[in-house]
Amino acid sequence: MVNGSEMQHLRRCVELAKEALEAGDQPFGSILVAADGAVLFEDRNRVSSGDQTRHPEFEIARWAAANMTVEERAVATVFTSGEHCPMCAAAHGWVGLGRIVYVSSCEQLSTWLADLGVPASPVQNLSIQQVVPNLVVEGPIANLDKQVHDLHRRFYRK
Ligand SMILES: [Zn+2]
């Protein structure tokens, strides 16, 4: 279950996704939160740099590996506007981070992008749990997912 302060974290992810959109990047944003609720790190998509691996969830995994103990990582939560892609889910799993809460799912995204006529991604669409089977994962979040859908529409209709 997602409580009130967790909803705030999710709304912040949507804000970061909007910042990405406004900077010409794909609209994705993510936050790393410690077991005590402290926000440790946040980032947004930065693929307009030309590096297609600059996803916020990948940056979070690297930051966690560099700055947190194994024990701290296991009890941390990653909030994100969109479910991790297979690359980011694997990075999350390799560094041993904990629960993930996403606003919109990979399945939703692939439907939205197909509707917008966006060519299929070169990477297979898998759920987080197909990549990291024992992880606790929650989402999508009703209503907030509509805001993420809108950001993707705006990105591809430019
Ligand atoms: Zn990713």
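The following paragraphs examine the structure supplied in this document. Starting afresh in each chain, residues are numbered from 1 along the sequence in its written order. A pLDDT threshold of at least 70 governs which residues receive local features in this predicted model, and a stricter bar of 80 or more applies before side-chain atom pairs are shown or counted, although totals over entire chains, interfaces and linings include all residues. The side-chain quantities take in all heavy atoms of the structure and omit both hydrogens and water.

Side note on the coordination of the zinc ion
Of the protein atoms, only His55 (ND1), Cys85 (SG) and Cys88 (SG) coordinate the zinc ion, at distances of 2.1 to 2.3 Å. Counting gaps between the donor residues of the zinc ion yields the pattern H-x29-C-x2-C. On the accessibility criterion, Cys85 (21% relative accessible area) is partly exposed. Only nitrogen, oxygen and sulfur atoms count as donors, using a 2.8 Å cut-off from the metal that widens to 3.2 Å for Na, K and Ca. Water is left out, so coordination shells may look unfilled. A 1.4 Å probe rolled over the protein chains alone gives each residue an accessible area, and that area as a share of the maximum for its type sets the label: buried under 20%, exposed over 50%, partly exposed in between.

Digging into the nonpolar core
Residues belong to one nonpolar core when they are buried, are Ala, Val, Leu, Ile, Met, Phe, Trp, Tyr or Cys, and are joined through side-chain atoms within 4.5 Å. Ranked by size, the top nonpolar core spans 21 residues in total, and within it Leu10, Val14, Phe79, Val103 and Leu144 carry the most contacts. Secondary structure elements with two or more residues in this core: helix H1 (4-22), strand S1 (29-33), strand S4 (100-104), helix H5 (106-115) and helix H7 (144-156). A run of H or I in DSSP becomes a helix once it reaches four residues, and a run of E becomes a strand once it reaches two; helices and strands are each numbered from the N terminus. Broken down by element, this core gets its largest block of residues, six residues, from H1. If we ignore the near neighbours within four places in the chain, the residues touching Val103 are Leu10, Val14, Thr80, Ser81, Gln108, Pro140, Ile141, Leu144, Asp145 and Val148. By definition, residues are in contact when any of their heavy atoms lie within 4.5 Å.

Concerning unusual backbone geometry
Between Gly139 and Pro140 the backbone carries a cis peptide bond, its omega angle lying at -5°. Assignment of secondary structure puts Pro140 in the loop between strand S5 (137-138) and H7. Positive phi values are uncommon outside glycine, yet Asn143 reaches one of about 75°. As for its placement among the helices and strands, Asn143 is situated in the loop between S5 and H7. With a relative accessible area of 54%, Asn143 lands in the exposed category.

Points about the pattern of salt bridges
By convention in these notes, a salt bridge is any Lys or Arg side-chain nitrogen within 4 Å of a carboxyl oxygen on Asp or Glu. Summed over all chains, the structure comprises 10 salt bridges. Among the ionic pairs, Asp43 bridges to Arg46, the shortest N-O distance being 2.8 Å. On the accessibility criterion, Asp43 (7% relative accessible area) is buried. On the accessibility criterion, Arg46 (30% relative accessible area) is partly exposed. Ionic pairing is found between Arg99 and Glu138, a salt bridge with its closest N-O pair at 2.7 Å.

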